Amino acid sequence: MPAVSPESQASEALPSRRRRTPRGGRHRGDESFLLPPGSPTLVLAVPGPARRAGTDIAAELAHLVELEHTGQPAYVGHLEGDEASLQAALAGIRPQGDELAAVVVPLSTGPDPALDAAVRAAVAAAPVRTVAAEPLGPHPLIAEALHDRLADAGLARADRIRLMTMVTAASGVIVATPGGATAVRQAEVTGVLLASRLAAPVFTASLNDEASVKAAYEQLRAAGAASIAVAPHLIGSEPETALITAAAATVGSAHSAPLGAHPALARLAALRYVEALSTALAD
(Lines give C-alpha, C1' and ligand atoms only; values in the text may rest on other atoms or scores of the structure.)
Protein backbone atom coordinates (compact mmCIF):
# COMPACT_ATOMS: atom_id res chain seq x y z
CA MET A 1 0.00 0.00 0.00
CA PRO A 2 1.50 3.43 -0.94
CA ALA A 3 2.52 5.71 1.89
CA VAL A 4 0.03 8.38 2.86
CA SER A 5 0.18 11.38 5.12
CA PRO A 6 -1.48 11.20 8.57
CA GLU A 7 -4.11 13.64 7.34
CA SER A 8 -5.06 11.64 4.27
CA GLN A 9 -4.82 8.37 6.21
CA ALA A 10 -7.28 9.68 8.78
CA SER A 11 -9.68 10.87 6.10
CA GLU A 12 -9.62 7.48 4.38
CA ALA A 13 -9.57 5.19 7.43
CA LEU A 14 -12.01 6.95 9.68
CA PRO A 15 -15.52 5.60 9.22
CA SER A 16 -18.26 7.91 8.13
CA ARG A 17 -21.62 7.80 9.84
CA ARG A 18 -24.74 6.99 7.94
CA ARG A 19 -28.36 6.84 8.94
CA ARG A 20 -29.98 3.55 8.09
CA THR A 21 -33.55 3.33 6.97
CA PRO A 22 -35.58 3.38 10.23
CA ARG A 23 -36.68 -0.04 11.36
CA GLY A 24 -39.79 -0.81 13.26
CA GLY A 25 -39.57 -1.82 16.91
CA ARG A 26 -37.74 -0.69 19.98
CA HIS A 27 -34.37 -0.06 18.33
CA ARG A 28 -35.43 1.82 15.22
CA GLY A 29 -33.24 4.71 14.17
CA ASP A 30 -29.91 3.30 15.48
CA GLU A 31 -26.86 4.78 13.82
CA SER A 32 -24.31 2.61 12.03
CA PHE A 33 -20.81 3.16 10.68
CA LEU A 34 -19.70 2.75 7.09
CA LEU A 35 -16.12 1.45 7.10
CA PRO A 36 -13.99 1.79 3.98
CA PRO A 37 -12.14 -1.26 2.60
CA GLY A 38 -8.91 -1.98 4.45
CA SER A 39 -10.10 -0.63 7.80
CA PRO A 40 -8.53 -2.22 10.88
CA THR A 41 -10.13 -5.47 11.96
CA LEU A 42 -12.49 -5.41 14.94
CA VAL A 43 -11.83 -8.25 17.41
CA LEU A 44 -14.03 -8.89 20.44
CA ALA A 45 -11.99 -10.04 23.45
CA VAL A 46 -14.01 -12.61 25.41
CA PRO A 47 -13.31 -13.54 29.06
CA GLY A 48 -12.45 -17.17 29.69
CA PRO A 49 -11.88 -20.06 27.27
CA ALA A 50 -13.83 -21.16 24.22
CA ARG A 51 -16.44 -23.94 24.45
CA ARG A 52 -17.93 -22.67 27.69
CA ALA A 53 -21.59 -21.92 28.26
CA GLY A 54 -22.40 -18.44 26.98
CA THR A 55 -19.41 -18.03 24.68
CA ASP A 56 -21.68 -18.28 21.63
CA ILE A 57 -22.97 -14.84 22.64
CA ALA A 58 -19.73 -13.28 21.39
CA ALA A 59 -20.18 -14.85 17.95
CA GLU A 60 -23.74 -13.51 17.79
CA LEU A 61 -22.57 -10.03 18.77
CA ALA A 62 -19.77 -10.12 16.18
CA HIS A 63 -22.35 -11.02 13.55
CA LEU A 64 -24.60 -8.14 14.67
CA VAL A 65 -21.68 -5.69 14.57
CA GLU A 66 -20.87 -6.77 11.02
CA LEU A 67 -24.45 -6.87 9.81
CA GLU A 68 -25.89 -3.79 11.51
CA HIS A 69 -22.99 -1.39 11.98
CA THR A 70 -19.71 -1.85 10.11
CA GLY A 71 -20.39 -3.94 7.02
CA GLN A 72 -17.07 -5.72 7.53
CA PRO A 73 -16.19 -8.96 9.34
CA ALA A 74 -15.78 -8.83 13.11
CA TYR A 75 -13.88 -11.58 14.90
CA VAL A 76 -13.80 -13.17 18.34
CA GLY A 77 -10.78 -14.07 20.50
CA HIS A 78 -10.86 -15.74 23.91
CA LEU A 79 -8.55 -14.65 26.70
CA GLU A 80 -7.96 -18.13 28.15
CA GLY A 81 -6.94 -21.38 26.52
CA ASP A 82 -5.39 -22.12 23.14
CA GLU A 83 -8.61 -22.66 21.19
CA ALA A 84 -9.95 -19.59 19.36
CA SER A 85 -7.65 -17.42 21.46
CA LEU A 86 -7.23 -13.68 21.12
CA GLN A 87 -3.54 -14.21 20.34
CA ALA A 88 -4.45 -16.55 17.48
CA ALA A 89 -7.06 -14.14 16.14
CA LEU A 90 -4.53 -11.30 16.06
CA ALA A 91 -1.85 -13.55 14.54
CA GLY A 92 -4.24 -14.40 11.71
CA ILE A 93 -4.67 -10.79 10.60
CA ARG A 94 -2.71 -9.90 7.48
CA PRO A 95 -0.28 -7.08 8.25
CA GLN A 96 -0.48 -3.86 6.23
CA GLY A 97 2.96 -2.43 6.75
CA ASP A 98 3.09 -0.18 9.78
CA GLU A 99 -0.58 0.76 9.56
CA LEU A 100 -3.02 -0.04 12.32
CA ALA A 101 -4.33 -3.55 11.63
CA ALA A 102 -6.69 -4.37 14.52
CA VAL A 103 -8.76 -2.88 17.30
CA VAL A 104 -9.55 -5.14 20.27
CA VAL A 105 -12.83 -4.39 22.05
CA PRO A 106 -13.15 -6.01 25.51
CA LEU A 107 -16.50 -7.79 25.84
CA SER A 108 -17.19 -6.41 29.30
CA THR A 109 -19.86 -4.18 30.82
CA GLY A 110 -17.24 -2.19 32.68
CA PRO A 111 -13.54 -1.92 33.52
CA ASP A 112 -12.13 -5.20 34.82
CA PRO A 113 -8.46 -5.12 35.96
CA ALA A 114 -7.77 -8.77 35.12
CA LEU A 115 -9.48 -8.65 31.74
CA ASP A 116 -7.91 -5.30 30.87
CA ALA A 117 -4.43 -6.63 31.74
CA ALA A 118 -4.98 -9.72 29.57
CA VAL A 119 -6.11 -7.56 26.65
CA ARG A 120 -3.10 -5.24 27.00
CA ALA A 121 -0.74 -8.23 27.08
CA ALA A 122 -2.29 -9.69 23.92
CA VAL A 123 -2.14 -6.32 22.15
CA ALA A 124 1.51 -5.84 23.14
CA ALA A 125 2.41 -9.32 21.83
CA ALA A 126 0.44 -9.04 18.58
CA PRO A 127 2.49 -9.44 15.39
CA VAL A 128 0.52 -6.60 13.77
CA ARG A 129 -0.09 -3.06 14.99
CA THR A 130 -3.03 -3.29 17.36
CA VAL A 131 -4.79 -1.04 19.88
CA ALA A 132 -7.23 -1.79 22.68
CA ALA A 133 -10.58 -0.05 22.96
CA GLU A 134 -12.45 0.78 26.14
CA PRO A 135 -14.89 -1.79 27.60
CA LEU A 136 -18.51 -1.48 26.55
CA GLY A 137 -19.69 0.25 29.72
CA PRO A 138 -20.57 2.26 31.58
CA HIS A 139 -22.87 3.76 28.96
CA PRO A 140 -26.60 4.59 28.68
CA LEU A 141 -26.97 1.73 26.19
CA ILE A 142 -26.10 -0.74 28.97
CA ALA A 143 -28.99 0.66 31.00
CA GLU A 144 -31.23 0.30 27.96
CA ALA A 145 -30.24 -3.35 27.59
CA LEU A 146 -30.81 -4.03 31.33
CA HIS A 147 -34.24 -2.43 31.05
CA ASP A 148 -35.10 -4.63 28.07
CA ARG A 149 -34.05 -7.81 29.86
CA LEU A 150 -36.13 -6.87 32.90
CA ALA A 151 -39.09 -6.24 30.61
CA ASP A 152 -38.52 -9.56 28.85
CA ALA A 153 -38.81 -11.27 32.24
CA GLY A 154 -41.96 -9.33 33.14
CA LEU A 155 -40.08 -7.46 35.86
CA ALA A 156 -40.40 -3.97 34.36
CA ARG A 157 -42.60 -2.11 31.92
CA ALA A 158 -41.13 -2.10 28.46
CA ASP A 159 -42.05 1.60 28.27
CA ARG A 160 -42.76 3.51 31.45
CA ILE A 161 -44.71 6.10 29.45
CA ARG A 162 -47.44 3.58 28.74
CA LEU A 163 -50.03 3.49 31.47
CA MET A 164 -50.43 -0.24 31.73
CA THR A 165 -50.44 -2.46 34.79
CA MET A 166 -47.96 -5.28 35.25
CA VAL A 167 -48.48 -7.08 38.52
CA THR A 168 -45.11 -8.80 38.17
CA ALA A 169 -43.15 -5.57 37.67
CA ALA A 170 -40.60 -4.91 40.41
CA SER A 171 -40.71 -1.72 42.45
CA GLY A 172 -36.95 -1.85 43.07
CA VAL A 173 -33.94 -3.36 41.29
CA ILE A 174 -30.55 -4.70 42.33
CA VAL A 175 -27.96 -4.29 39.56
CA ALA A 176 -25.66 -7.23 40.34
CA THR A 177 -22.22 -6.92 38.78
CA PRO A 178 -19.15 -9.16 38.73
CA GLY A 179 -16.20 -8.03 40.82
CA GLY A 180 -15.63 -6.28 44.11
CA ALA A 181 -16.20 -2.84 45.58
CA THR A 182 -14.57 -1.02 42.65
CA ALA A 183 -16.78 -2.79 40.12
CA VAL A 184 -19.85 -1.96 42.21
CA ARG A 185 -18.94 1.74 42.24
CA GLN A 186 -18.45 1.71 38.48
CA ALA A 187 -21.80 -0.03 37.97
CA GLU A 188 -23.52 2.68 40.00
CA VAL A 189 -23.41 4.89 36.90
CA THR A 190 -25.52 2.34 35.07
CA GLY A 191 -27.75 1.98 38.12
CA VAL A 192 -28.55 5.69 38.10
CA LEU A 193 -29.38 5.56 34.39
CA LEU A 194 -31.59 2.50 34.89
CA ALA A 195 -33.40 4.13 37.81
CA SER A 196 -34.20 7.08 35.56
CA ARG A 197 -35.63 4.77 32.92
CA LEU A 198 -37.71 2.77 35.40
CA ALA A 199 -38.71 5.65 37.71
CA ALA A 200 -37.87 3.22 40.53
CA PRO A 201 -35.02 2.90 43.05
CA VAL A 202 -31.96 0.93 41.96
CA PHE A 203 -28.98 -0.18 44.06
CA THR A 204 -25.85 -1.99 42.92
CA ALA A 205 -24.22 -5.06 44.46
CA SER A 206 -21.47 -7.58 43.79
CA LEU A 207 -22.43 -10.95 42.39
CA ASN A 208 -19.34 -12.32 44.11
CA ASP A 209 -20.45 -11.19 47.58
CA GLU A 210 -23.68 -12.51 49.12
CA ALA A 211 -23.53 -9.86 51.85
CA SER A 212 -23.41 -7.13 49.20
CA VAL A 213 -26.60 -8.43 47.55
CA LYS A 214 -28.35 -8.63 50.92
CA ALA A 215 -27.28 -5.07 51.79
CA ALA A 216 -28.70 -3.74 48.51
CA TYR A 217 -31.92 -5.62 49.16
CA GLU A 218 -32.27 -4.06 52.63
CA GLN A 219 -31.60 -0.60 51.20
CA LEU A 220 -34.37 -1.07 48.67
CA ARG A 221 -36.78 -2.32 51.31
CA ALA A 222 -35.95 0.72 53.42
CA ALA A 223 -36.67 2.90 50.38
CA GLY A 224 -40.16 1.42 50.20
CA ALA A 225 -39.67 -1.19 47.44
CA ALA A 226 -42.05 -4.08 48.07
CA SER A 227 -41.05 -6.24 45.09
CA ILE A 228 -37.37 -6.43 44.20
CA ALA A 229 -35.72 -7.89 41.10
CA VAL A 230 -32.09 -8.70 40.34
CA ALA A 231 -30.69 -7.41 37.03
CA PRO A 232 -27.40 -9.14 36.11
CA HIS A 233 -24.88 -6.55 34.96
CA LEU A 234 -23.02 -8.95 32.70
CA ILE A 235 -23.16 -10.29 29.19
CA GLY A 236 -23.36 -14.02 29.86
CA SER A 237 -19.92 -15.26 28.86
CA GLU A 238 -18.33 -14.26 32.19
CA PRO A 239 -17.62 -16.94 34.86
CA GLU A 240 -19.88 -15.06 37.31
CA THR A 241 -22.92 -15.88 35.17
CA ALA A 242 -23.23 -19.08 37.21
CA LEU A 243 -23.77 -16.97 40.37
CA ILE A 244 -26.94 -15.19 39.21
CA THR A 245 -29.54 -17.72 40.35
CA ALA A 246 -27.97 -18.14 43.79
CA ALA A 247 -27.63 -14.38 44.29
CA ALA A 248 -31.31 -13.84 43.51
CA ALA A 249 -32.33 -16.75 45.76
CA THR A 250 -30.35 -15.22 48.62
CA VAL A 251 -32.89 -12.40 48.82
CA GLY A 252 -35.89 -14.33 47.50
CA SER A 253 -36.07 -12.27 44.32
CA ALA A 254 -36.73 -12.99 40.67
CA HIS A 255 -34.02 -12.11 38.17
CA SER A 256 -33.73 -11.22 34.52
CA ALA A 257 -31.42 -12.92 32.05
CA PRO A 258 -27.88 -11.73 31.30
CA LEU A 259 -27.64 -9.08 28.58
CA GLY A 260 -26.64 -11.64 25.96
CA ALA A 261 -26.44 -10.66 22.29
CA HIS A 262 -28.50 -7.52 22.78
CA PRO A 263 -28.47 -5.09 19.83
CA ALA A 264 -27.37 -2.27 22.14
CA LEU A 265 -24.14 -4.17 22.93
CA ALA A 266 -23.36 -4.61 19.24
CA ARG A 267 -23.90 -0.88 18.76
CA LEU A 268 -21.59 -0.19 21.70
CA ALA A 269 -18.88 -2.49 20.33
CA ALA A 270 -18.93 -0.58 17.04
CA LEU A 271 -18.84 2.73 18.92
CA ARG A 272 -15.85 1.68 21.08
CA TYR A 273 -14.08 0.52 17.92
CA VAL A 274 -14.60 3.88 16.22
CA GLU A 275 -13.49 5.79 19.33
CA ALA A 276 -10.26 3.78 19.59
CA LEU A 277 -9.61 4.09 15.85
CA SER A 278 -10.13 7.84 15.94
CA THR A 279 -7.74 8.23 18.89
CA ALA A 280 -5.09 6.05 17.29
CA LEU A 281 -5.16 7.94 14.01
CA ALA A 282 -5.05 11.29 15.80
CA ASP A 283 -1.88 10.38 17.75
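See the structure shown above.
These remarks concern the structure in this document. Since this is a predicted model, take the numbers as computed values, not measurements.

1. Let's talk about the packing of helix 5 (residues 140–152) against helix 6 (residues 181–198)
Working step 1: Viewed as axis vectors pointing N to C, helix 5 and helix 6 meet at an angle of 55 degrees, and their least axial separation amounts to 9 Å. If you check the angle between helix 5 and helix 6, you find them oblique. You can see that helix 5 and helix 6 cross each other, and the crossing is right-handed. For the pair helix 5 and helix 6, contact is made by P140, I142, A143, E144, L146, H147 and L150 and by T190, L193, L194, R197 and L198, respectively.
Working step 2: Counted by class, the contact of helix 5 with helix 6 contains 8 nonpolar, 2 polar and 2 charged residues.

2. Quick notes on the sheet that holds strand 10 (residues 254–255)
In sheet architecture, strand pairing relies on hydrogen bonds along the backbone and comes in two forms, parallel and antiparallel.
Working step 1: Read from one edge to the other, the open sheet built from 4 strands follows the order 8-7-9-10, with strand pairing classed as parallel. Single-partner strands in this sheet number two, and they are strand 8 (202–206) and strand 10.
Working step 2: Note: strand 7 (residues 172–177) against strand 9 (residues 228–232), 5 bridges, orientation parallel. Across the sheet, the residue bridging to V175 is A231, located in strand 9.
Working step 3: Contacting strand 7, strand 8 and strand 9, helix 7 (residues 210–222) runs over the sheet at an angle of about 165 degrees to strand 8.

3. A closer look at helix 4 (residues 113–125)
Working step 1: When the terminal C-alpha atoms of helix 4 are compared, their 18 Å separation across 13 residues agrees well with the 18 Å that a helix rising 1.5 Å per residue should span.
Working step 2: Considered for burial, the residues of helix 4 that qualify are L115, D116, V119, A122 and V123. Buried residues along helix 4 cover an arc of 125 degrees about the axis, so they all sit on one side. Opposite the packed face of helix 4, turned more than 90 degrees from it, sit the exposed residues P113, A114, R120, A124 and A125.
Working step 3: Among the structural elements, strand 3 (41–46), helix 3 (86–91), strand 5 (102–106) and strand 6 (130–132) are those in contact with the buried residues of helix 4.
Working step 4: One side-chain oxygen of the residue at the start of helix 4 lies 3.0 Å from the amide nitrogen of A114, identifying that residue as D112.

4. Concerning the pairing of strand 8
Along any regular strand, the residues point their side chains to alternate faces of the sheet.
Working step 1: In terms of burial, strand 8 is a largely internal element, 4 of the 5 residues being buried.
Working step 2: Both strand 7 and strand 8 contribute to a ladder of 5 bridges, which runs parallel. In the sheet register, V173 faces strand 8, and the bridge partner there is V202.
Working step 3: For the crossover that starts at strand 7, traverses helix 6 and ends in the parallel strand 8, the hand is right-handed.

Here is what the cut-offs are and how they apply
Residues numbered from 1 in each chain as written. Predicted model: local features only at pLDDT ≥ 70, side-chain atom pairs only at ≥ 80, totals over all residues. Heavy atoms only, no water. Axes fitted to C-alpha atoms, helices over the stretch in contact; angles between N-to-C directions. Helix = DSSP H or I, 4+ residues; strand = E, 2+ residues; numbered from the N terminus. Parallel < 35°, antiparallel > 145°, perpendicular 65-115°, else oblique. Left-handed = near helix turned anticlockwise from the far one by under 90°. Contact = heavy atoms within 4.5 Å. Nonpolar A, V, L, I, M, F, W, Y, C, P; charged D, E, K, R; others polar. Pairing = 2+ DSSP bridges. Expected span 1.5 Å × (residues − 1). Buried < 20%, exposed > 50% of the residue type's maximum accessible area, 1.4 Å probe, protein only. Arc of directions from axis to C-beta. Polar contact = N/O pair within 3.5 Å; in protein donor to acceptor, adjacent residues only side chain to side chain. Right-handed = clockwise from strand over helix to strand, strands pointing away.

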